[in-house]
Amino acid sequence: MARSVIVLMGGWSGEREVSLVSGRNVAAALGEAGYEVRSLDVGRDLAGLAAALDPRPDVVFNALHGRFGEDGRMQGILDLLEIPYTHSGVLASALAMDKPMAKRLFRCAGIRCAEHVVVSRSVAVGGDVLPRPYVVKPLREGSSLGVVIVLDGSDVQVAEERWPSDETVMVERYVPGREITVAVMGGRALGVTEIRPVDGFYDYRAKYTDGASVHLVPAPLPPDAYDAAMQFSVDAHEALGCRGVTRADLRYDDRVGGADGVHLLEVNTQPGMTPMSLVPELAAHAGIDFVSLVSWMVEHAACDP
């Protein structure tokens, strides 16, 4: 059993504030479970990071979200230091963070995804790249940062300033219907949640503002659609080579109905651990409290050989 844990949190991505909340929640729960816990707000100083990881912990709990912390780069550093860490390894983390590359693997695994194209920012803002409705997304971001939905008759402005660090973006067919998500823990789906934003779509504000969305657990889906969402999520977890806990985001087109209405959007390899986060909620639905959830993640930490 691991005894000492360092929780990495913060960082400098657009999801910094969410990561700080996740990290504090995790540190408190691990302390309650009896681990020796230190928290570390990660900066850009790699020498300082290496020094802060001394004395070396038994495990690093990686509560970073977004670029650098979630995309394989932090995982590579921890591999070099030979410190076991939670969540997926370098390759799975990098693949999941790259939305178009991940979708190639999903399709090879027989998982239904929405059609998409990758174009330059200037092309995306110059006119409709796909027939409306469609969604414009940065290639490598989380928490719906930079997502623009262009509907029929919409006057939404698609501006290059939404993606300051990206030369290219993904334009994806919009799947109408319901927003659903699945938590996968150790290769097993824990259940399906339906998310109903109070206003608009499930954007950053709806995800992290109390009362801005309603979570229905278990999701009120037809049984074959529910089962398909669970199976797609496990298949995606395995196709990317993930380990530990992941969360799959999907859409259910209830005009089509049944399993044929389920479409996978993406996989989050380091899902949030905030009071409003979806994975802890689904774990609780499966009978796993938060302390047990994060303790399991620590005890199943690893590093790539």
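Summary of the structure given here. (Residues numbered from 1 in each chain as written. Predicted model: local features only at pLDDT ≥ 70, side-chain atom pairs only at ≥ 80, totals over all residues. Heavy atoms only, no water.)

Here's the deal with the pattern of salt bridges
It is possible for side chains of opposite charge to pair when their charged atoms get near one another. Test applied: Only one rule defines a salt bridge in this text: a Lys or Arg side-chain nitrogen within 4 Å of an Asp or Glu carboxyl oxygen. Helix numbers and strand numbers start at the N terminus; a helix is a DSSP run of H or I with at least 4 residues, a strand a run of E with at least 2. Exposure is judged per residue with a 1.4 Å probe applied to protein chains only, and the accessible area is read against the type maximum: over 50% gives exposed, under 20% gives buried, and values in between give partly exposed.
Taken as a whole, this structure holds 15 salt bridges when the rule is applied. Where Glu115 meets Arg173, a salt bridge forms, and the shortest distance between an N and an O atom there is 2.5 Å. Separated by 58 residues along the polypeptide, Glu115 in the loop between helix 5 (99-108) and strand 4 (116-120) and Arg173 in strand 7 (residues 168-173) bring together distant segments of the chain. Of the residues examined, Glu115 reaches a relative accessible area of 44% and is grouped as partly exposed.

Describing the packing of helix 5 against helix 8 (residues 223-240)
Convention followed: Throughout, an axis means a line fitted to C-alpha atoms (over the contacting stretch in the case of helices), and angles, computed between N-to-C directions, take values from 0 to 180 degrees. Relative orientations are named as follows: roughly parallel for angles under 35 degrees, roughly antiparallel for angles over 145 degrees, roughly perpendicular for angles from 65 to 115 degrees, and oblique for any other angle. The handedness criterion is simple: a crossing whose near helix is rotated anticlockwise from the far helix by less than a right angle is left-handed, and one whose near helix is rotated clockwise is right-handed. Note on contacts: a residue pair qualifies if any of its non-hydrogen atoms lie within 4.5 Å across the two residues. Charged residues are taken to be Asp, Glu, Lys and Arg, nonpolar residues to be Ala, Val, Leu, Ile, Met, Phe, Trp, Tyr, Cys and Pro, and polar residues to be all remaining types, Gly included.
Closest axis-to-axis distance for the helix 5/helix 8 pair is 9 Å, and the angle between their directions is 115°. With respect to their mutual orientation, helix 5 and helix 8 come out roughly perpendicular. When you trace helix 5 past helix 8, the crossing you get is right-handed. The segment helix 5 lies against helix 8, with Ala102, Leu105 and Phe106 engaging Ala236, Ala239 and Leu240. Taken together, the residues of the contact of helix 5 with helix 8 sort by class into six nonpolar, no polar and no charged.

In short, geometric facts, not functional conclusions.
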